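Chain and residue survey
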Amino acid sequence: MSLTGTPFFLTSLALLTAAVILPLVLWGRIAGPPLIRTLARLLMLLFAQVTAITVVFVLVNNANNLYDTWGDLLGTDSHIQAAQDLGPDGLGGRKLKNEPKQLQRFRPADDARMGPGVQMTDLKGRISGVSGEVYVWLPPQYNDPAYRNKKFPVVELLPGYPGSAKAWYGALHVGEQLRPLMQRGEIKPFILVSPRTNILTGADTGCVNIPGKVNADSWLTVDVRQMVIDNFRAGGRPDSWALAGYSAGAHCAAKLALSHPDRYRAAVAMSGYNDPALEPDSLAGKDPKLRIESNPLHILKAANAAGRPPRTALFVSGAAGDGYQAGIGLQQIAKRPTTVTVQQIAANAGGHTTAVWRTQVPEIFRWLGLQVRS
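Thresholds applied
Residues numbered from 1 in each chain as written. Predicted model: local features only at pLDDT ≥ 70, side-chain atom pairs only at ≥ 80, totals over all residues. Heavy atoms only, no water. Axes fitted to C-alpha atoms, helices over the stretch in contact; angles between N-to-C directions. Helix = DSSP H or I, 4+ residues; strand = E, 2+ residues; numbered from the N terminus. Parallel < 35°, antiparallel > 145°, perpendicular 65-115°, else oblique. Left-handed = near helix turned anticlockwise from the far one by under 90°. Contact = heavy atoms within 4.5 Å. Disulfide = S-S within 2.5 Å. Buried < 20%, exposed > 50% of the residue type's maximum accessible area, 1.4 Å probe, protein only. Nonpolar A, V, L, I, M, F, W, Y, C, P; charged D, E, K, R; others polar.

As a further point, take the packing of helix α5 (residues 174-183) against helix α13 (residues 361-371). Between α5 and α13, the least distance of the axes is 10 Å, while the angle of their chain directions is 55 degrees. Classified by the angle their axes make, α5 and α13 are oblique. When you trace α5 past α13, the crossing you get is right-handed. Packed against α5, whose contacting residues are V174, Q177, L178 and L181, the element α13 presents V361, P362, F365 and R366 at the interface.

In structure tokens form, the structure reads like this:
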């Protein structure tokens with residue numbers, strides 16, 4: 001039974017109801033020695049507490065899409081087939097133009113709360129050795145005969161940690177918010193792609209490649225990206241691609257866009273950070289070398305020092321102490337053609353929550369529409 005499905009939610013409510021009724025009905029009817037009666041009553045109280053905690057967990061999990069499956073929660077699922085040393089470009093010496101197309105079978109998303117139009121596939125990454133689900137949402141214009149020869153720009157959507165690939169659809173309602181705006185021509189039509197990022201048990205990968213452990217960077221920037229190009233009318237140039245993330249996903253979006261200007265033109269980072277060590281479970285933050293190399297500030301400084309500032313546009317939003325200073329730091333060292341737009345969120349806007357990021361969806365996609373093209 002899925003952790004985010006309606007059946008589990010209804011089951012937890014039914015168990016909580018039973019846990020409340022049982023003591024009312026049976027408390028004075030329990031027979032036997034005093035020790036047995038006491039133990040039975042303690043078990044009923046314990047059952048009531050466990051079911052109450054379960055209902056609260058389900059409500060929080062459904063609201064924020066933290067864990068998809070029991071395997072995610074318990075850390076029993078494996079999404080890594082191999083983690084070879086793929087080198088600086090994350091390709092391991094392979095050229096994508098020589099690789100056969102990876103055509104996938106798609107099916108409707110398995111969670112109705114994600115809204116209409118979301119489809120999913122199970123992808124085995126040829127380069128990264130990572131496997132996981134990928135959700136795709138097509139803009140209303142995609143199947144319009146007037147657009148049959150048009151390619152569309154793409155935005156990869158990254159959740160926080162822990163976080164589900166469903167979160168942008170289920171918690172931020174990105175598809176429901178953007179569909180009418182795209183239909184009215186207020187926002188450019190994008191293909192939205194949300195890949196699994198929770199791929200290593202009990203750890204935030206920091207979206208980095210670590211030989212022998214995980215190739216999260218290549219999963220997101222090579223395998224997922226190429227799969228979308230192979231299966232949809234998606235632009236293949238860097239100018240057609242962007243990333244957007246919140247919290248840990250914001251760090252990843254900025255880091256990946258600055259690291260791969262040959263793959264992405266822009267990135268949105270909401271309530272993120274530059275130093276990966278600010279996420280206690282980050283693999284990158286625990287490795288002294290990776291901590292520096294995966295910091296967007298370092299990536300940008302190194303590119304500037306080499307005389308190659310990336311042609312990357314960043315939109316960074318956050319409250320004071322929650323992403324705003326990270327954006328200012330990047331803005332202060334940015335050199336053309338790098339651009340950094342920083343927006344400060346009010347301290348009383350709602351904190352580090354999906355409710356805050358949900359309200360920013362229309363604005364960030366208007367901004368993205370000015371940065372990318374098909």
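Okay, the state of the cysteines next. For the coordinates displayed, the defined rule picks out 1 disulfide. One disulfide bridge connects C207 with C252, the sulfur atoms lying 2.1 Å from each other. The sign of the S-S torsion, about 95 degrees, decides the handedness of the disulfide formed by C207 and C252: right-handed. Remark: C252 occurs in helix α7 (residues 248-259) and C207 occurs in the loop between β5 (191-195) and β6 (209-210); sequence separation between them is 45 residues. This pair shows no difference in class: C207 is buried, exactly as C252 is.

Attention now moves to the packing of α7 against helix α10 (residues 296-305). The contact between α7 and α10 brings their axes to 9 Å, and the two run at 15 degrees. Considering the angle they form, α7 stands roughly parallel to α10. For the pair α7 and α10, the sense of crossing is left-handed. Residues H251, A254, K255, L258 and S259 of α7 touch α10, and the partners they reach there are P296, I299 and L300. When the residues that make up the contact of α7 with α10 are grouped by side-chain class, the tally is 5 nonpolar, 2 polar and 1 charged.

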